[in-house]
Number of protein chains: 2
Amino acid sequence: MKQQPGSAAMPGTLATQDCGACPIRHRAVCAKCDGDELDRLQQMKSYRTWAPGETIALEGDTLPFVGTLVRGCATLTKSLEDGRVQMVGMLMPSDFVGRPGRSAAPYEVTAVTDTTLCLFERQGFERLIADTPHVSTRLLEMSLNELDAARDWMLLLGRKTARERVATLLGLVLRRAATQTAPLRAELPLGREAMASFLGLTIETVSRQISALRRDGVIEVAAGGRTILCPDFATLRLAAGDNDNAEQIFPD
Amino acid sequence: MKQQPGSAAMPGTLATQDCGACPIRHRAVCAKCDGDELDRLQQMKSYRTWAPGETIALEGDTLPFVGTLVRGCATLTKSLEDGRVQMVGMLMPSDFVGRPGRSAAPYEVTAVTDTTLCLFERQGFERLIADTPHVSTRLLEMSLNELDAARDWMLLLGRKTARERVATLLGLVLRRAATQTAPLRAELPLGREAMASFLGLTIETVSRQISALRRDGVIEVAAGGRTILCPDFATLRLAAGDNDNAEQIFPD
DNA sequence: CGCGCGCCTTGACCTGGATCAAATCCGCGG
DNA sequence: CCGCGGATTTGATCCAGGTCAAGGCGCGCG
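None of these values were measured; they are calculated from a predicted model.

Observations regarding the packing of helix α5 (residues 192-199) of chain A against helix α6 (residues 203-215) of chain A
Any two packed helices are characterised by the angle at which their axes cross and by the distance between the axes.
Residues and elements named next belong to chain A.
Here comes step 1: Packing of α5 against α6 brings their axes to within 8 Å, and their N-to-C directions diverge by 100°. Between α5 and α6, the angle is such that the two are roughly perpendicular. Where α5 approaches α6, its residues Arg192, Glu193, Met195, Ala196 and Leu199 are matched on the opposing element by Ile203, Val206 and Ile210.
Here comes step 2: Taken together, the residues of the contact of α5 with α6 sort by class into 6 nonpolar, no polar and 2 charged.

Here you go:
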């Protein structure tokens, strides 16, 4: 868990970018904004970058900001006093961080890769959503997607076997990375520890199940264990035990 | 699982009531509405009642309405094809049912007790939230509360022991029913099966853990097993394994 | 008042995943 | 090219909670 300075870790690239050119412009909380609203957002925004492993917010912290994840990947985790940890969410580009109307974070937010947030000072943002329905409506939409995803995950945590859990997670990552071409392939952003934390399992069990899925020909694993590919997605889907309803774990 | 007619199960009492006199007026989605907005809601609303055990919506159903639970108690459940079931939420008075912007229910909704909903035709409601920020803001607030609750539950399902899970649930029910007086007392709305479904356990394990908590003097159980009381809430809290952060499972 | 039917509880046993403990692999700096 | 440290895999064993199987208990009904 190396803690590097971070703020300057990824200099320049995204500094005070024009919203119009933002790669997630049409998926983030600002998706429905018109020109004027976008201007207003652009006025108040600022960027900040965190290095892998760095803490973006501690459980119970008071956050002076909310924002959108622009680049990278971060995890949300909750823990029990004795050290047991459960990941309760994952942030990917366009996901929203923080909660208007409450300043204390109910979970810890940690950067997995180099991560850049587009930040808005809380008070200003709250005023903004009070009078621009385009933002609050989009935020409602995104929150409901996350709620659905959280509930899908509750089913996984409450009822799925270890094999099904691992297959479900791999399926999600693969679908995300999908390039439409048959042998699906993806580089895992999460290490075994983070996967175990997400799945309510231990590292050892995750590793064993990945090995089992490989033995059974459901997936292939490249050297290093971080890249997986899947010759037949339907087989993986079957191993995940899902009913045919589309999964919603990573909301759009 | 007796399926009674239901629609006429609770005649009169709540039929087309005046919103101003509604017992949950200040907690539901209409909490922030002013007089005009309330009139508009009152125009479009209608009541409907379900009997215990009746299905309000099936997983995947298209719901023509959204609404607020006015009276009773209902469960949200998701299931796997082979019959495994996980409860993913519970609806209590003032909770909102359904999702503006999407018509298919992602889970099954079932009445636990006699349950009355205050219904709004979907299209009309969507138009309403598009131009009354008071409703959409409140709905966002409620959704974020539910999201927090879902994430607390993920921690429970992923990492807590059977004893901790049962203690957590009992603590929630007791706190809800709290009359401030020391020996907390509550009648469980949920039977053992529903509890097991909520907690990601089996009926037998729930029963055994309740017995164990009683043996250990953490709780007392009245004849019939449906009423529990707790001489010392701090002890129960301890058995639940929570850190001191207030739990949010049943959002306000 | 006794009977039957849902629940709930309890007991005996089994197993999936946790725990404890090595190996092995890999990227990296020297 | 070598050695080191962190991540991953694999093996051996344990145990919490699931499964299967009887009982109890309370309640409504004939």
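There's more to say after this.
Some points on the relation of the copies chain A and chain B
Here comes step 1: Screw-axis analysis of chain A against chain B gives a translation of 0.0 Å along the axis, an RMSD of 0.0 Å, and a rotation angle of 180°. Read as a symmetry element, the transformation amounts to a two-fold axis.
Here comes step 2: Here 100% of the contact residues of chain A are again contact residues in chain B; the copies associate through an equivalent surface.

Topic: the protein's contact with DNA strand D
Here comes step 1: Around DNA strand D there are 17 residues in total, and Arg192(A), Ser211(A), Ala162(B), Thr205(B) and Arg208(B) lie nearest to it.
Here comes step 2: The sugar and phosphate moieties of DNA strand D supply 62% of its atoms located within 4 Å of the protein.
Here comes step 3: One of the side-chain nitrogen or oxygen atoms of Thr205(B) is found 2.4 Å away from a phosphate oxygen of DNA strand D.
Here comes step 4: Separating a base oxygen of DNA strand D from a side-chain N or O atom of Arg208(B) is a distance of 2.7 Å.
Here comes step 5: Top contributing element to the surface near DNA strand D by residue count: α6(A), with 5 residues.
Here comes step 6: Across the surface near DNA strand D, the residue classes tally to 4 nonpolar, 7 polar and 6 charged.

With respect to the domain arrangement of chain A
All names here are of chain A.
Here comes step 1: Here chain A is described as being made up of domain 1 (19-156) and domain 2 (160-240).
Here comes step 2: Each of domain 1 and domain 2 has a C-alpha centre, and these two points are 26 Å apart.
Here comes step 3: Counting from both sides, the interface comprises 12 residues of domain 1 and, opposite them, 13 residues of domain 2.
Here comes step 4: A combined buried area of about 1,100 Å² lies between domain 1 and domain 2, and 71% of that area is made up of carbon and sulfur atoms.
Here comes step 5: Of all residues in domain 1, Met87, Trp153 and Leu156 give up the largest surface area on contact with domain 2, accounting jointly for 53% of the area buried on that side.
Here comes step 6: Inspection of the domain 1/domain 2 interface yields 0 salt bridges.
Here comes step 7: Taken together, the elements giving at least two residues each to the side of domain 1 that touches domain 2 come down to β5 (85-91) and α3 (133-159).
Here comes step 8: Here the element with the most residues in the side of domain 1 that touches domain 2 is β5; it accounts for 5 residues.
Here comes step 9: Partitioning the side of domain 1 that touches domain 2 into residue classes produces 9 nonpolar, 3 polar and no charged.

Overview of the protein's contact with DNA strand C
Here comes step 1: Close contacts around DNA strand C come from 17 residues, with Thr205(A), Arg208(A), Arg192(B), Ser211(B) and Arg226(B) the closest.
Here comes step 2: In this structure, Thr202(A) approaches DNA strand C through a side-chain N or O atom, which is 3.1 Å from a phosphate oxygen.
Here comes step 3: Between DNA strand C and Thr205(A), the relevant distance is 2.3 Å, taken from a phosphate oxygen to a side-chain nitrogen or oxygen of the residue.
Here comes step 4: Elements with a contribution of two residues or more to the surface near DNA strand C: α6 of chain A together with α6 (203-215) of chain B.
Here comes step 5: Considering each element in turn, the surface near DNA strand C owes the most residues, 5 residues, to α6(B).
Here comes step 6: Grouping the amino acids of the surface near DNA strand C by side-chain chemistry returns 4 nonpolar, 7 polar and 6 charged.

Details of the sheet that holds strand β3 (residues 65-71) of chain A
Residue and element names in this part refer to chain A.
Here comes step 1: With antiparallel pairing, the 4 strands of this open sheet are ordered in space as β1-β8-β3-β6. Bordering the open sheet on either side are β1 (45-50) and β6 (96-97), each of which pairs with just one other strand.
Here comes step 2: Here β3 pairs with strand β8 (residues 115-121) via 6 bridges, running antiparallel. By the bridge assignment for β8, glycine 67 is matched with leucine 119.
Here comes step 3: In the packing of helix α2 (residues 122-131) onto the sheet, the strands contacted are β3, β6 and β8, and the crossing angle to β8 comes to about 70°.

Let's talk about the pairing of β3(A)
In the case of a regular strand, side chains alternate between the two sheet surfaces.
All names here are of chain A.
Here comes step 1: Of all 7 residues that make up β3, 6 are buried, and the element is covered over most of its length.
Here comes step 2: The pairing of β3 with β6 spans 2 bridges and is classified as antiparallel. Counted as the bridge partner of glycine 67 is valine 97 from β6.

Calculation rules
- Residues numbered from 1 in each chain as written.
- Chains lettered and ligands numbered in written order.
- Predicted model: local features only at pLDDT ≥ 70, side-chain atom pairs only at ≥ 80, totals over all residues.
- Heavy atoms only, no water.
- Axes fitted to C-alpha atoms, helices over the stretch in contact; angles between N-to-C directions.
- Helix = DSSP H or I, 4+ residues; strand = E, 2+ residues; numbered from the N terminus.
- Parallel < 35°, antiparallel > 145°, perpendicular 65-115°, else oblique.
- Contact = heavy atoms within 4.5 Å.
- Nonpolar A, V, L, I, M, F, W, Y, C, P; charged D, E, K, R; others polar.
- Least-squares fit on C-alpha atoms with pLDDT ≥ 70 in both.
- Near = heavy atom within 4 Å.
- Polar contact = N/O pair within 3.5 Å; in protein donor to acceptor, adjacent residues only side chain to side chain.
- Domains from an automatic or database assignment.
- Buried area = accessible area lost by both parts, 1.4 Å probe.
- Salt bridge = Lys/Arg side-chain N within 4 Å of Asp/Glu carboxyl O.
- Pairing = 2+ DSSP bridges.
- Buried < 20%, exposed > 50% of the residue type's maximum accessible area, 1.4 Å probe, protein only.

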